[in-house]
Amino acid sequence: MAEPVLDNGSQLLDFPKLTDERGSLTFLEGSEHVPFDIRRVYYIYDVPKNQTRGEHAHEDLDQVLVAVSGQFKVEIDDGRSRTTVTLDSPDEGLYLTGLTWREMRAFSEHAVCLVLASDYYDEDDYVHNYEEFQRLSRVK
Ligand code: TYD
């Protein structure tokens, strides 16, 4: 069941989890368990406790963040409101629509942030300036 976290469509997603005496397995299919076709996968890890990742938005990119190991906090902002989500479960994902400012911090030891993205890497799609993000979020 999807739980909205911001008015811009960002939401928490529950993924399938198959558990038996051998352990657990979660699977994700593009356009089925995440709301887009997956074009790129990357993961962030070995993040020191006091470091922040992200601090940007995208003009046109959907992403899903998953704590496949450990936990971290994601502060998200759609230009109108801001909230913080703790990701700590491999069977839960945080779906972020493009124009969402995100800051990931408080990574635990051995935390791995898996990211599924709707498109290939494109530096021109990044919005690094917070005032520019706010301006864009007012017109889109
Ligand atoms: P960036 O997205 O800024 O990471 P974060 O927001 O977590 O701090 O990316 C860091 C660097 O990695 C930057 O130089 C761009 C590069 N990069 C790629 O080359 N391909 C990718 O798919 C991603 C996500 C980043």
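Rules and cut-offs
- Residues numbered from 1 in each chain as written.
- Predicted model: local features only at pLDDT ≥ 70, side-chain atom pairs only at ≥ 80, totals over all residues.
- Heavy atoms only, no water.
- Helix = DSSP H or I, 4+ residues; strand = E, 2+ residues; numbered from the N terminus.
- Rg over C-alpha atoms; globule rule 2.2 N^0.38 Å.
- Buried < 20%, exposed > 50% of the residue type's maximum accessible area, 1.4 Å probe, protein only.
- Phe/Tyr/Trp six-rings, centres within 6.5 Å; stacked < 30°, edge-to-face > 60°.
- Polar contact = N/O pair within 3.5 Å; in protein donor to acceptor, adjacent residues only side chain to side chain.
- Contact = heavy atoms within 4.5 Å.
- Near = heavy atom within 4 Å.
- Areas by Shrake-Rupley, 256 points an atom, 1.4 Å probe, with all protein chains shown as cover.
- Nonpolar A, V, L, I, M, F, W, Y, C, P; charged D, E, K, R; others polar.
- Salt bridge = Lys/Arg side-chain N within 4 Å of Asp/Glu carboxyl O.
- Pairing = 2+ DSSP bridges.
- Patch = residues over 30% accessible without salt bridge, like charges linked within 9 Å, V, L, I, M, F, W, Y side chains within 5 Å.

Enquirer: Help me understand the overall build of the chain, please; the structure alone is not making it clear to me.
Expert: On a plain count of helices and strands, the chain comes out with one helix and 13 strands. Helices (α) and strands (β) of the chain occur, in sequence order from the N terminus, as β-β-β-β-β-β-β-β-β-β-β-β-β-α. Compactness check: the chain gives a C-alpha radius of gyration of 15 Å against a globular reference of 14 Å for 140 residues, within 12% of the reference. Out of the 140 residues belonging to the chain, those deemed buried represent 41%.

Enquirer: Would you explain the packing of aromatic side chains in this entry?
Expert: Where two aromatic rings form a pair, the distance of their centres and the angle of their planes describe that pair. Evaluated as defined, the whole model comprises seven aromatic pairs. On the numbers, 4.9 Å between centres and 15° between planes, the contact of Phe 72 with Phe 107 is stacked. With Phe 72 in strand S8 (residues 72-77) and Phe 107 in the loop between strand S11 (101-105) and strand S12 (112-117), this pair connects stretches of sequence that are 35 residues apart. Ring centres of Trp 101 and Phe 133 lie 5.6 Å apart, and the angle between their planes is 45°; this geometry places the pair in the tilted category.

Enquirer: Explanation requested: the side chain of His 56 in the structure shown.
Expert: Note that His 56 resides in strand S6 (residues 53-58). A distance of 3.1 Å separates a polar side-chain atom of His 56 from the backbone oxygen of Gly 54. Every residue in contact with His 56, bar those within four places of it in the chain, is listed here: Thr 100, Trp 101, Arg 102, Tyr 126, Val 127 and His 128.

Enquirer: I would appreciate a short explanation of the site of the ligand in the present structure.
Expert: Taken together, Arg 40, Tyr 42, Ile 44, Arg 53, Gly 54, His 56, Tyr 121 and Tyr 126 make up the full set of residues adjacent to the ligand. Arg 40 is positioned such that a nitrogen or oxygen atom in its side chain is 2.5 Å from an oxygen atom of the ligand. Between Arg 53 and the ligand, the recorded distance is 3.1 Å, taken from a side-chain N or O atom to an oxygen atom. About the coverage of the ligand: the protein hides 58% of its 530 Å² of free accessible area. The set of elements that each furnish at least two residues to the shell around the ligand consists of strand S5 (40-45) and S6. Split into classes, the residues belonging to the shell around the ligand amount to four nonpolar, two polar and two charged.

Enquirer: Help me understand the pattern of salt bridges, please; the structure alone is not making it clear to me.
Expert: It is possible for side chains of opposite charge to pair when their charged atoms get near one another. Evaluation of the coordinates by the stated rule reveals seven salt bridges. Among the ionic pairs, Asp 20 bridges to Arg 22, the shortest N-O distance being 2.8 Å. A salt bridge links Arg 105 to Glu 103, with the shortest nitrogen-to-oxygen separation between them at 2.7 Å. Ionic contacts of the salt-bridge type, sharing partners, join the residues Glu 75, Asp 77, Arg 82, Glu 103 and Arg 105 into one network.

Enquirer: How do you make sense of the sheet that holds S6 when you look at a structure like this?
Expert: Strand pairing in a sheet is mediated by backbone hydrogen bonds. Such pairs are either parallel or antiparallel. A sheet is described by the order of its strands in space; here five strands give the open sequence S9-S8-S11-S6-S13, paired in antiparallel fashion. Two strands in the sheet have a free side with no partner beyond their single neighbour: strand S9 (82-87) and strand S13 (126-127). Taken together, the six bridges between S8 and S9 define a ladder with antiparallel strand orientation. Residue pairing across strands places Val 74 opposite Val 85, the latter belonging to S9.

Enquirer: Help me understand a nonpolar patch on the surface, please; the structure alone is not making it clear to me.
Expert: There is a patch of nonpolar side chains on the surface, built from Ile 38, Val 41, Tyr 43 and Tyr 45 and spanning about 400 Å² of accessible area. With respect to the helices, strands and loops of the structure, Ile 38 is situated in the loop between strand S4 (23-25) and S5.

Enquirer: Would you mind going over the pairing of strand S10 (residues 92-96) with me for this structure?
Expert: Two faces, one strand: in a regular strand the side chains alternate between the faces of the sheet. Among the five residues that make up S10, five are buried, leaving the element largely enclosed by the rest of the structure. Burial along S10 is two-sided: Glu 92, Leu 94 and Leu 96 and Gly 93 and Tyr 95, pointing in opposite directions, are all buried. As paired strands, strand S2 (residues 11-14) and S10 are joined by four bridges and run antiparallel to one another. The residue bridging Leu 12 from the neighbouring strand is Leu 94, located in S10. As paired strands, strand S7 (residues 63-69) and S10 are joined by four bridges and run antiparallel to one another. Residue pairing across strands places Val 64 opposite Tyr 95, the latter belonging to S10.

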